[in-house]
Amino acid sequence: MTAPLGLEFPPISHLIRWPDLLFEDTPYAINKTTIIYFLAVLITLTFFFVAGRRAQLVPRGVQNMAESSVEFVREGIIMQTIGPDGLRYLPFLLTMFFFIFFINIFEIIPLFQFPGNARMAVPFILAILVWFIYNIVGIAKQGPLGYLKSSTIPPGVPKPMLPLIALIEFVSTFLVRPFSLAVRLFANMLAGHLILVTFAVLSAALWGKNISLVILPFPFLLLIALTGFELLVAFLQAFIFTILTAVYIGLSMHPEH
Amino acid sequence: MRMRTLFASFGLGLLVAIAAPGVAGAGESGGEEPTEEPDIDHASEECIHLLEDGGEIDDCQEAPSPILPEANEIIWGGIAFLILLGILWKYALPGVQNMMKQREDRIRGDLERAEQAKTEGEGVLAEYQRQLADARNEAGRIIEEARQSADQLKRDLTARAEAEAAQIRERASQDVQLATERATTDLQSRMAELSIELAEKVVERSLDRDTQLALIESYISDLGNGRRG
């Protein structure tokens with residue numbers, strides 16, 4: 001790649017595709033992304049086991065954080081979207097939230113600096129899983145026809161409009177939902193990663209080059225600010241993915257809402 | 001539990017995906033092989049490989065679509081998620097939730113106990129206040145009674161004293177009267193005796209008129225001077 005401005009921006013595939021480290025060229029290949037998945041599992045489990053190991057009636061430290069997070073998923077997500085009968089989905093939604101969050105957070109962890117969800121794999125499988133869950137729940141709660149009716153025919157639609165609306169609703173519920181769910185997470189993390197790379201590359205290119213050193217602080221300070229911003233995004237995207245899942249399940253359970 | 005079945009079938013599907021290498025064979029790697037020539041960078045090296053494999057120069061510009069998920073990442077991501085879900089669900093979460101439940105119960109119990117103690121305390125206080133009021137009333141009543149009985153006693157005593165005094169006075173006046181009567185009687189009998197005595201003397205002496213008169217006068221004067229003994 002030529003660098004007319006002394007700036008060499010790597011091709012996108014080099015920013016998000018990582019070489020295989022183990023079992024190269026097999027479907028079980030292990031690369032940086034999969035290691036981030038494993039670490040997300042390990043961190044979550046450690047977090048909860050440490051919290052549970054030294055559990056005391058008066059919570060402090062890690063226990064407090066773990067309990068607050070459970071409380072957050074229970075009160076902030078499930079009770080707001082599904083209601084008390086959604087509490088059985090607590091383990092699933094909690095797992096989902098932490099899995100996504102910790103994979104995201106590697107975006108700003110030094111040496112890793114890559115959000116695992118800038119790869120489509122986890123958003124894709126989670127979205128598929130969510131698709132299965134809300135459809136199965138809907139069919140189980142309302143029956144196949146009732147579910148189809150409640151999810152494609154909104155109340156109060158004039159007769160002539162009905163076929164068009166039903167078609168749109170059908171596409172929206174059964175096709176677009178999982179796609180948008182997965183792409184929202186993936187694209188947000190990828191975009192955040194590209195922005196951080198851009199400013200990091202820019203800062204690096206400005207380093208040590210005569211006059212350009214003067215403007216180095218600007219991209220660098222922005223890089224720091226954006227790193228903080230990515231922390232927020234990591235949390236927010238995990239939250240959005242989880243709460244939308246809860247909303248979909250809730251819609252399948254209580255179509256009247 | 002339907003959820004468990006769902007997750008189990010999801011895991012099974014993943015297993016099938018792993019077992020069928022044909023399905024998941026797309027794992028194209030950005031494998032970085034050690035290069036003999038250090039000035040060729042990674043991108044150029046990939047391009048050389050592509051050209052060697054009979055590709056066009058345009059292929060060098062084409063990167064695999066970043067939106068298509070890679071098989072190995074799907075497999076490991078899915079496994080990782082299921083492991084996390086399983087362990088969290090089975091082992092980690094119950095501990096945390098138990099502790100939260102315990103605390104919740106504890107706090108609720110404490111609050112209920114406090115409420116109960118408060119109610120009890122209020123009950124006891126009301127009881128005490130009632131008893132105190134009762135005691136006050138009782139004391140008032142007793143004092144009133146005492147005052148009444150004292151009054152009564154006073155009145156009784158006064159009446160009795162008055163009655164006794166009257167009685168005493170009565171008796172005294174009776175005594176006086178008796179004494180007077182007795183004295184009168186005595187006097188009368190004495191006068192009779194004296195009259196008889198006098199008559200005897202008169203008869204004894206058979207005196208003339210002058211002597212008799214003198215006698216009577218002397219007698220009367222004797223009487224006037226007091227008892228003759």
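Residues numbered from 1 in each chain as written. Chains lettered and ligands numbered in written order. Predicted model: local features only at pLDDT ≥ 70, side-chain atom pairs only at ≥ 80, totals over all residues.

Once that is clear, we can look at the overall build of chain A. When helices and strands are counted, chain A shows eight helices and zero strands. Expressed as a percentage of contacts within chain A between residues at least 6 apart in sequence, the contacts between residues at least 24 apart total 63%. (Helix = DSSP H or I, 4+ residues; strand = E, 2+ residues; numbered from the N terminus. Contact = placed C-beta atoms within 7 Å.)

When the terminal C-alpha atoms of helix α4 (residues 90-105) of chain A are compared, their 22 Å separation across 16 residues agrees well with the 22 Å that a helix rising 1.5 Å per residue should span. For α4 of chain A, a buried count of 15 out of 16 residues is recorded, marking the element as mostly surrounded by other parts of the structure. (Expected span 1.5 Å × (residues − 1). Buried ≥ 20, exposed ≤ 12 C-beta atoms within 10 Å, placed from the backbone.)

Bringing the confidence of the model for chain B into the picture now. Residue and element names in this part refer to chain B. Mean pLDDT over chain B works out to 79, with 78% of the residues at or above the 70 mark. Mean pLDDT values for the elements of chain B range from 69 in helix α1 (residues 2-19) up to 89 in helix α3 (residues 71-205). Confidence drops under a pLDDT of 50 for residues 21-38, and excluding neighbours within four residues, the segment shows 31 contacts in the predicted structure. With a pTM of 0.68, the predicted complex shows an ipTM of 0.86. (pLDDT = per-residue confidence, 0-100.)

Let us look at the nonpolar core. Within the largest apolar cluster, 72 residues are counted, with the highest numbers of intra-cluster contacts made by L93, F97, F99, I100, I103, V130 and I249 of chain A. Within the residue set of this core, elements represented by two or more residues are α2 (32-53), α3 (61-81), α4, α5 (121-142), α7 (162-206) and α8 (217-253) of chain A together with α3 of chain B. Tallying contributions element by element places α3 of chain B first for this core, with 13 residues. Discounting chain neighbours no more than four positions away, the residues touching I100 of chain A are N117, L185, Q237, A238 and F241 of chain A. (Core = buried A, V, L, I, M, F, W, Y, C linked by C-beta atoms within 7 Å.)

Helix packing geometry: the angle between the two helix axes and the distance between the axes. All names here are of chain A. Look at α3 against α4: their axes get within 10 Å of each other, and the N-to-C directions meet at 110°. The angle between α3 and α4 places the two elements in the roughly perpendicular class. Listed contacts from α4 to V70, V73, R74, I77 and I78 of α3 are L90, L93, L94 and F97. Tallied by class, the residues present in the contact of α3 with α4 amount to eight nonpolar, no polar and one charged. (Axes fitted to C-alpha atoms, helices over the stretch in contact; angles between N-to-C directions. Parallel < 35°, antiparallel > 145°, perpendicular 65-115°, else oblique. Nonpolar A, V, L, I, M, F, W, Y, C, P; charged D, E, K, R; others polar.)

Attention now goes to the interface of chain A and chain B. When the parts of a complex come together, some accessible area is lost, and that lost area is often used as the size of the interface. Between chain A and chain B, the residue contacts involve 52 residues of the former and 48 residues of the latter. Residue assignment for the side of chain A that touches chain B shows that the elements contributing at least two residues are α1 (12-16), α2, α3, α4 and α5 of chain A. Here the side of chain A that touches chain B takes 12 residues from α2 of chain A, the largest share from any one element. Across the side of chain A that touches chain B, the residue classes break down as 37 nonpolar, eight polar and seven charged.

Attention now moves to α7 of chain A. At V176 of chain A, α7 of chain A is deflected by roughly 50°, the largest bend along its length, and proline P178 of chain A occurs up to four residues later in sequence. Backbone geometry just after α7 of chain A places G208 of chain A at a positive phi near 75°. (Bend = angle between axes of the 7 residues up to and from the residue.)

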